[in-house]
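So you can see what is in the structure, the chains are spelled out below.
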Amino acid sequence: MKWGLLLVYAVFGLILLLTGWGMIKKHSVYPSTQVGYHVKDATKSRELWEFANRTAGKLSLVCGVVVWLMMAVFWLVSAPFGLCLGMFFVVAVMSVCLIIFVPLVLLRRWERKGT
């Protein structure tokens, strides 16, 4: 892995970790929804707002740790540049999709159950 790509992995992992921490600890207190996980379903009640932010935050933290672990493994095994770059894009897309869509699906299931 080249230094430039190592830096990209490190920065992306740090962004995910800081975003996760922010969503868990620093989101707005309901009913103010200025800072946090912004989807219409999350703003319907305090319970849903807290649940969505905690879930998205935890997923973001997990994805950040995965990115840093991948970075370390690729660095230690001297993985080829093409593999490292390709895996970065795969993990980046998967991370963003997980963080955005998993809490949304869970919110909609929660609402269907009437909880």
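Let me begin by describing the structure that accompanies this report. (Residues numbered from 1 in each chain as written. Predicted model: local features only at pLDDT ≥ 70, side-chain atom pairs only at ≥ 80, totals over all residues. Heavy atoms only, no water.)

If you want to describe how two helices pack, look at the angle between their axes and the distance between the axes. At a minimum axis separation of 10 Å, helix α2 (residues 46-76) and helix α3 (residues 81-113) run at an interaxial angle of 165°. The orientation of α2 with respect to α3, classified from their angle, is roughly antiparallel. The two elements α2 and α3 cross, and the hand of that crossing is right-handed. Per-class residue counts for the contact of α2 with α3 are 20 nonpolar, three polar and two charged. (Axes fitted to C-alpha atoms, helices over the stretch in contact; angles between N-to-C directions. Helix = DSSP H or I, 4+ residues; strand = E, 2+ residues; numbered from the N terminus. Parallel < 35°, antiparallel > 145°, perpendicular 65-115°, else oblique. Left-handed = near helix turned anticlockwise from the far one by under 90°. Nonpolar A, V, L, I, M, F, W, Y, C, P; charged D, E, K, R; others polar.)

In this description, an aromatic ring pair is defined by two values, namely the gap between the centres and the angle between the planes. In total, this model carries six aromatic pairs according to the counting rule given. Members of the aromatic cluster, each reached through a chain of ring pairs, are Y9, F12, F74, F88 and F89. (Phe/Tyr/Trp six-rings, centres within 6.5 Å; stacked < 30°, edge-to-face > 60°.)

With their axes 7 Å apart at the nearest point, helix α1 (residues 3-25) and α2 run at an angle of 160° to one another. Relative to α2, the element α1 lies roughly antiparallel. As for how α1 packs across α2, the hand of that crossing is left-handed. The residue inventory of the contact of α1 with α2, partitioned by class, reads 21 nonpolar, seven polar and two charged.

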